[in-house]
Structure formats: C-alpha cells, structure tokens
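Structural description and commentary
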Amino acid sequence: MINYKQLISYGKQLSRYFSASLIPMILNLAINPLVSLNMEPTDFAITGYFTSFSTLISPIIAFYMIHFYNKRYFELDNNGREHLRALLFKALIFFSFAIAFVCLLALLFYVKCVSKASLATFPYLYMTVMTIPFAGIYNLELADYKMERKSKEYMNLSLLCGILSVCCTLLFVVLIKWGAFGKLLAPLVVEIGIFIYLLFKHKDIWKIKTKPAELLPVLNFCWPLSLGAALGYFSNGYDKTILESLGNVVEFGYYCVGTSIAAYLGVFTTSISATFQPDTYEAIIKDNRRKLARVVFIRWGLTLIVVLVFVLLCPLVIRILTAGKYMDAVPYARIFALVSLTNSIYYIINDYSIARGKPHFYLFTTIIGSISIMILMPIFIKEFSYKGGAIMNVLSFIILSIINILLLCVPSKKIQ
C-alpha cells in the first residue's frame, strides 16, 4: 500500500530543499544577463580556469569530514553526535586552513612552473583557494540539518547564503564592474560572513572538550575519500587545464560559459540528493533493499526529467541568460547537461560503498578512473577540440561507475 503520510513528508522536504536552491538560482538567473553584459570571454576564461582547481583541492582542504559525520550519524546517540560535531567543527577550522595554505603553494608552483598558464595568477588563484576553508563549518551545519531532517532550517541557512551571494555579485560585477575579480570576490565575502555568524552561533561548542587524537579515526576513514575526490579533478576540471593550453581564450570563454550555465542543473540535482541521501544511507545500513531501490529510482528519475527539459530548451535559456551575447556556448551547455545524469549514477553507487564501510573502494575507483581519463582526455580534445573535452566529462562518470561496480562485485578479501 502507498504510504501517503510518507509521500506528503517527502513532498514537504523536497519543496524546502528545492526552495533553498531554487530561490537563489532564480535570482542568479535574473541577474545573469547583467553579469554576461559586464564580463568578457576573458573574464569567463579566468573564472572557469581557476575555479576548476576547486575540484582538486576542496576535498583535501575539507578532507571529506562531512561524509564521516553522515556515516556515523545513525550509529551514535545524541551525546555521541554532539561530541563528534564539536570535533569536526574545530577540525574544519584549524586543519582546513593549514591545508589550504599548503594547497595554495602547490598550485602556485604548478601554474607558474609546470603548466605555465598565460592567464594572470594574482589575485584570482588566492581568492579561489581561500574561499574553500571558510565554507567548512557552513557545510557541516547544512549536513547536520539534513541528517536531522530539519529541512526548514536547511532552507533558511541556504537562502541566506544564496541571497547574499547574489547581492555581492551584483555589487562587484554589475555596479563596480570588477569583472573576473568581482565574480571571485563575491563568494569569498559571503563565506567569510557566514563563517563569522556560525562561530558566534556555536560559541558554546568550544566548551566541549575534544582531543587531537580523536581526529585520527576520522582522518583514517576520510583519507581514501579525500584523495579519491581530489582525483575527481580529472573528471571535472582537468579538461580546462588542457583546453587553456590551446591558446584560444575567446573559445575557451564560451566553453566556460556553457559549463557554468549547465551547472545550474546542479542546483536541482543537489536538492534531489539532499532530500533522499539520508534515506539512502539508512536503507543501506539497515539492508532494506526494497526501500533502497525505490529511493534510487526516484532520485535518478527526477534528475533525468530535469536534464531532458534543459537540453530541449537550452538555446532559449542561453539566449535569455546571456542577453544573446554567448549563443556559441549552446553546444557545450547541452553536452555538459548530460554530466548530471552520469554523475548522479556514480554518486549513488559511491554512497552505497561508503555506507557499507568501504571508503577505500572510492579511492581505488578514482585512481583507476583518473589514469583512464588522463589517457583519454588529450585524445578526445585532439580529435574533437573543445567539444571533445565536454564529451569526455560525460563519459568519465560512466567509466568511474563501471569501475566501482566491478569492485563491489569482487570479494572484499581480495582487494583489502
């Protein structure tokens, strides 16, 4: 029989998660024509190139501690959760900022000495890197709301951050006309503001005594996830490193516009994932296969509907969002929309591996997958130029999904 009360509960949660993302997204869509008119292809190339490194360093800086919290949430009582929350809150400040500094030095060396990028480094790289550690405790707060199914609180905090981001973008890009600098400054200012707010809100958390040694089990669990996620750079970011070296800054700018507009789909897919992730973890941990199949079907089915609508309306969407200035970005946006489908499949499988207590599978998957992508990406770009980079991004998550499934099918003792 259909559990109508559960369906109504899902509907309320889903509407709040969507509202948390949909309202800021609508505001971003509304100002996007103004942003496009005040940014040149070079500005988009700069922001696209440097923010692509976030895929590489963000998992290292945050060290996937949120996933540890998600996994342990249903295994602990209230006191245990409070203690773990305090431990991670502190770690996401001290540990993350220390790692961010190391990542900044490493990227400076890579951009200046290895890739020898033609784009200016200062201050864009510095701003991109330092935005990440300021977001650590914000993401922990959202994870806590999500696991407690406090969708209303989740919505309120997300809205606050999203609306502030829109206001700062308008100020720095449209009014002051700072171009790429203003586009990167907006999220940094917002994350600093939210960071200060959460420090004040949770000032009592410092009264909970935690020891550095307690962080060792967290790091032991998370390091395969962190390293694996960092290697995910090769399926979401590595393309821009290679394409920047082609030297066509204008076409690279169109490519970045297409990827950024397709990224709006992530608002929907993230909301869908946020709604059903607690149920996914719970079904896996409790070995409720029937519920797991139902949750996975709904989770991916909703993603499919959103992607199909976007692909059909893509030319109209880009014409409106860029005031007709960046219509050459349509092919790239359409291809990148498909990433949401393959990405969704992969992360559902990854959630299963993590909930089963096999985070090392994620590491093995990304190591093997990254090697495959490193080999295939230059070939696709050589054959199909910028479209080749977009196509390979779609295929990369199919490759990763196949590898993860194969690992799950192998007896654990043979790969531990």
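Summarised in this report is the structure supplied together with it. In this text, all values refer to a predicted model and were calculated from it rather than measured experimentally.

Looking now at the packing of aromatic side chains. The final tally for this structure, using the stated rule, is 30 aromatic pairs. Taking the centre distance of 6.1 Å and the plane angle of 55 degrees together, the rings of Y255 and Y386 count as tilted. Of the two residues, Y255 sits in helix α12 (residues 249-262) while Y386 sits in helix α17 (residues 359-409), which places them 131 residues apart along the sequence. Both rings, one in F380 and one in F384, keep their centres 6.1 Å apart while their planes meet at 50 degrees; by these two values the pair is tilted.

All right, on to a nonpolar patch on the surface then. A cluster of nonpolar side chains, namely F364, I367, I368, I371, I375 and I379, defines an oily patch on the protein surface of about 510 Å² accessible area. Along the polypeptide, I367 turns up in helix α17. A relative accessible area of 35% places I367 in the partly exposed class.

Our focus in this paragraph is the layout of surface pockets. Its boundaries defined by the atoms lining it, the second largest pocket holds a volume of some 210 Å³. Lining the second largest pocket are M25, L29, I261, Y264, L265, F268, V306, V309, F310, L313, V317 and L321. For the lining of the second largest pocket, the secondary structure elements donating two or more residues are α1 (4-37), α13 (265-285) and α14 (289-321). It is α14 that provides the largest number of residues to the lining of the second largest pocket, a total of six residues.

Once that is clear, we can look at the side chain of E282. Position of E282 relative to the elements: it lies in helix α13. With near-sequence residues (within four places) excluded, E282 lies in contact with R149 and K291.

Time to look at the side chain of T131. With respect to the helices, strands and loops of the structure, T131 is situated in helix α6 (residues 124-134). Polar side-chain contacts of T131 include one of 2.8 Å to the backbone oxygen of M127. Residues contacting T131, with those up to four places away along its chain left out, are P187, L188 and E191.

The next point concerns empty space enclosed by the protein. Tallied over the entire structure, the rule returns two cavities of 30 Å³ or more. The volume enclosed by the second largest cavity comes to roughly 30 Å³. The wall of the second largest cavity is formed by R85, F89, L140, E141, H202 and I205. When the residues that make up the lining of the second largest cavity are grouped by side-chain class, the tally is three nonpolar, one polar and two charged.

Relative to the 20 Å expected for 14 residues at 1.5 Å per residue, α12 spans 20 Å between its end C-alpha atoms, a close match to the ideal helical length. With ten of its 14 residues buried, α12 lies for the most part within the structure. Within the sequence span of α12, burial applies to F252, G253, Y254, Y255, C256, V257, G258, T259, I261 and A262.

The topology assignment puts E40 in the loop between α1 and α2 (41-51). In this structure, the C-alpha to C-alpha distance between E40 and Y254, residues 214 residues apart in sequence, is 9.8 Å. Residues in contact with E40, not counting those within four places in the same chain, are K325 and Y326. There is a polar contact of 3.4 Å between the side chain of E40 and the side chain of K325.

Here we come to the pattern of salt bridges. This structure, assessed with the given rule, holds 16 salt bridges. For E40, the salt bridge identified is with K325, shortest N-O distance 3.4 Å. Of this pair, E40 sits in the loop between α1 and α2 while K325 sits in the loop between α14 and α15 (330-337); the two residues are 285 residues apart in sequence, bridging distant segments of the chain. By relative accessible area, E40 is classed as partly exposed at 43%. Residues D351 and R299 are paired through a salt bridge, measuring 3.0 Å at the closest nitrogen-oxygen approach. Of this pair, D351 sits in helix α16 (residues 339-355) while R299 sits in helix α14; the two residues are 52 residues apart in sequence, bridging distant segments of the chain. Since its relative accessible area comes to 3%, D351 is described here as buried. Salt bridges here are not isolated pairs; linked through shared partners, they connect R149, D279, E282, K286 and K291.

Applying the stated criterion to the full structure yields zero disulfides. Left without a disulfide partner, C168 is nearest to the cysteine sulfur of C167, which lies 6.9 Å away.

It is worth spelling out the packing of helix α7 (residues 136-147) against helix α8 (residues 151-175) at this point. Each pair of packed helices can be summarised by the angle the axes make with each other and by the distance between the axes. Between α7 and α8, whose axes approach to 8 Å, the crossing angle comes to 155 degrees. In terms of their interaxial angle, α7 and α8 are classed as roughly antiparallel. Crossing geometry of α7 relative to α8 is assigned as left-handed. Listed contacts from α8 to Y138, E141, L142, Y145 and K146 of α7 are E153, Y154, L157, S158 and C161. Taken together, the residues of the contact of α7 with α8 sort by class into six nonpolar, one polar and three charged.

Cut-off values and rules
- Residues numbered from 1 in each chain as written.
- Predicted model: local features only at pLDDT ≥ 70, side-chain atom pairs only at ≥ 80, totals over all residues.
- Heavy atoms only, no water.
- Phe/Tyr/Trp six-rings, centres within 6.5 Å; stacked < 30°, edge-to-face > 60°.
- Helix = DSSP H or I, 4+ residues; strand = E, 2+ residues; numbered from the N terminus.
- Patch = residues over 30% accessible without salt bridge, like charges linked within 9 Å, V, L, I, M, F, W, Y side chains within 5 Å.
- Areas by Shrake-Rupley, 256 points an atom, 1.4 Å probe, with all protein chains shown as cover.
- Salt bridge = Lys/Arg side-chain N within 4 Å of Asp/Glu carboxyl O.
- Buried < 20%, exposed > 50% of the residue type's maximum accessible area, 1.4 Å probe, protein only.
- 1 Å grid on protein atoms, 1.4 Å probe; cavity = no way out; pocket = protein on both sides within 12 Å on 5 of 7 lines; lining within 4 Å.
- Points joined across faces, edges and corners; volume = space filled by probe spheres on them.
- Contact = heavy atoms within 4.5 Å.
- Polar contact = N/O pair within 3.5 Å; in protein donor to acceptor, adjacent residues only side chain to side chain.
- Nonpolar A, V, L, I, M, F, W, Y, C, P; charged D, E, K, R; others polar.
- Expected span 1.5 Å × (residues − 1).
- Disulfide = S-S within 2.5 Å.
- Axes fitted to C-alpha atoms, helices over the stretch in contact; angles between N-to-C directions.
- Parallel < 35°, antiparallel > 145°, perpendicular 65-115°, else oblique.
- Left-handed = near helix turned anticlockwise from the far one by under 90°.

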